[in-house]
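Listed below are the residues making up each chain.
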Amino acid sequence: MDRMQPTPTARPLTLRSQVEEFLRRSIMTGRFAMGERLVERELCEMLGVSRPSVREALRALEAEKLVTIIPNKGPIVTLLTREEAGDLYALRALLEGYATREFTRLASDGEVERLGEAVTALHEEAAGGDRDRLLAAKARFYEIIFDGCGNRLVKEFLSSLFTRINLLRATSFSRPERLAVSLREIDGLYDRIRSRDLDGAQKAAEEHILNARAAALPVLDERRTAT
């Protein structure tokens, strides 16, 4: 794996912050899978940094519930329980279904066109095979919907769950067949938005989330059995 690349910011990040951001991004995009051990020595070699920098970053991510420290085993990427994941998917289906319905009702033609451009970009990133860029494109698709749904609290609440949502997206995409199905679902969802089909758009959004749940839960069960 490539060594850590600093993230451009207005202010230079400290070394620990750079390590922390690299690990956070790697977990949220599925580079480090839920339940995977995070071996300090290997991380030091990978990133070219000292062990104290890695340890401090891991403690910070433990506070964010991205990392779990297991006695006599060390840090692992936090593995959500089936119940936690199920609850999160159910909440997403409820809120994202509502947001999609309201976007379909309220969005300007220009906003719908931008959503179509995001769908095109999502297909392009899927073909490119870069998971980081794929998840960013998926996030951009939803960002347009949330920005245009007319309910600021929906976006704020879902943003607070962003880390765990991305963990689950990376998990559902770990099944090779899921990506192609997901893209077809997104296409169908966009068609309903474009035709201003409120009920159809809401239902398509909810079904997309529930289908992702069906793909992700068996993966979570496998990983929990292996840990």
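Provided above is the structure to which this section pertains.
Residues numbered from 1 in each chain as written. Predicted model: local features only at pLDDT ≥ 70, side-chain atom pairs only at ≥ 80, totals over all residues. Heavy atoms only, no water.

Draft legend 1. How the structure looks around the overall build of the chain. Scanning the chain from N- to C-terminus turns up ten helices and two strands. Moving toward the C terminus, one meets the helices and strands of the chain in the order α-α-α-β-β-α-α-α-α-α-α-α. Its C-alpha atoms give the chain a radius of gyration of 19 Å, within 12% of the compact-globule value 17 Å for 227 residues. Each of the three principal axes of the chain carries a C-alpha extent, and together these read 55 × 45 × 35 Å. For the chain, the residues scored as buried account for 46% of the 227 residues in total. Partitioning the contacts of the chain with sequence separation of at least 6, the portion at a separation of at least 24 is 75%. Here the chain displays about 11,700 Å² of accessible surface, and carbon together with sulfur accounts for 50% of that area. (Helix = DSSP H or I, 4+ residues; strand = E, 2+ residues; numbered from the N terminus. Rg over C-alpha atoms; globule rule 2.2 N^0.38 Å. Buried < 20%, exposed > 50% of the residue type's maximum accessible area, 1.4 Å probe, protein only. Contact = heavy atoms within 4.5 Å. Areas by Shrake-Rupley, 256 points an atom, 1.4 Å probe, with all protein chains shown as cover.)

Draft legend 2. Expanded view of empty space enclosed by the protein. Within the structure shown, the criterion is met by one cavity of 30 Å³ or more. Estimates place the volume of the largest cavity at around 80 Å³. Looking at the largest cavity, it is lined by 13 residues, and the ones nearest its centre are Lys-138, Arg-169, Ser-172, His-208 and Ala-212. Listed by contribution, the elements that provide at least two residues to the lining of the largest cavity are α4 (82–106), α6 (131–147), α8 (162–172), α9 (176–194) and α10 (198–226). Taken together, the residues that form the lining of the largest cavity break down as six nonpolar, three polar and four charged. (1 Å grid on protein atoms, 1.4 Å probe; cavity = no way out; pocket = protein on both sides within 12 Å on 5 of 7 lines; lining within 4 Å. Points joined across faces, edges and corners; volume = space filled by probe spheres on them. Nonpolar A, V, L, I, M, F, W, Y, C, P; charged D, E, K, R; others polar.)

Draft legend 3. Spotlight on the nonpolar core. Counting residues in hydrophobic clusters, the biggest one holds 62 residues, and the most contacted among them are Leu-23 and Phe-141. The greatest single-element share of this core, amounting to eight residues, is contributed by α10. Those residues in contact with Phe-141 that lie beyond four places of it in its chain are Leu-115, Ala-118, Val-119, Ile-186 and Leu-189. (Core = buried A, V, L, I, M, F, W, Y, C linked by side-chain atoms within 4.5 Å.)

Draft legend 4. Examining the pairing of strand β2 (residues 74–77) more closely. Pairing analysis gives four bridges linking strand β1 (residues 67–70) to β2, with the strands arranged antiparallel. Considered in β2, the bridge of Ile-69 is made with Pro-75. Taking the residues between adjacent antiparallel strands as the criterion, β1 and β2 are bridged by three residues, where Asn-72 takes a positive phi near 65°. (Pairing = 2+ DSSP bridges.)

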